[in-house]
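Overview (structure and organization)
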Amino acid sequence: VVPRYDNTGNFYDGMAPVQLNGKWGYIDRTGKEVTPLKYDKVIDYSDGLATVMLNKKYGFVDKVGKEVIPLIYDVALSFFRGFAGVKLNGRCGFIDQSGKEVIPLKYDAVRSFTDNNLAVIKLNGKFGYIDMTGSEVIPLKFEKAENFNNGKAKVMLDGREIFIDQTGKELN
């Protein structure tokens, strides 16, 4: 069997990334190319959409290969529960699967939402957490902040590494 691609990835959501001559695209489980092999970078499908990058701009394609969210972003994270973190002109926030800005692009950095429906945000050198409505549920007061795991997150406050619960309360 002669390999057809220079590089392949694992199947996620029924699609796998493939690379040929330095360009990436996706195939379905039958081996059919569903996107043209034209992208500089691709990220696995999540919530039915995949993050793609071309000429240093990110956007999203659906499972039939259509660019459903234009490649305009400087950075784009994978979708999780209908939200994707994006960066445009130095500001970060979240869009929905139609490309609509649902949490304003006003932060210096964001991380993806996690299983507890909270996302790390950074503004003016401080970290905090927002919920899926965009409400800052744990204030921007930490020097560092990690994603929640099993109901707790590691943060740095006044130079001390501590764990907090989902309300921001310090754990012993």
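For the structure, check the block above.
Summarised in this report is the structure supplied together with it. (Residues numbered from 1 in each chain as written. Predicted model: local features only at pLDDT ≥ 70, side-chain atom pairs only at ≥ 80, totals over all residues. Heavy atoms only, no water.)

**What to know about the pairing of strand β11 (residues 101-107)**
- Judged from the three bridges that link them, strand β10 (residues 91-95) and β11 form a sheet pairing that is antiparallel. Residue pairing across strands places Phe-94 opposite Ile-103, the latter belonging to β11.
- Hairpin connection from β10 to β11: five residues lie between these consecutive antiparallel strands, with Gly-99 at a positive phi of about 95°. (Pairing = 2+ DSSP bridges. Helix = DSSP H or I, 4+ residues; strand = E, 2+ residues; numbered from the N terminus.)

**Details of the sheet that holds strand β1 (residues 7-8)**
- Taken together, three strands build an open sheet; the order of strands is β1-β2-β3 and the sheet is antiparallel. If you trace the sheet from one side to the other, it starts and ends with β1 and β3 (23-28), each paired once.

**So, the sheet that holds strand β16 (residues 144-145)**
- Strand order in this open sheet of three strands is β16-β17-β18, and the pairing throughout is antiparallel. Of all strands in the sheet, those with a lone pairing partner are β16 and β18 (160-164), marking the two edges.
- Bridge count for strand β17 (residues 153-157) against β18 is five bridges, and the pairing is antiparallel. Paired with Val-155 across the two strands is Ile-162, which belongs to β18.

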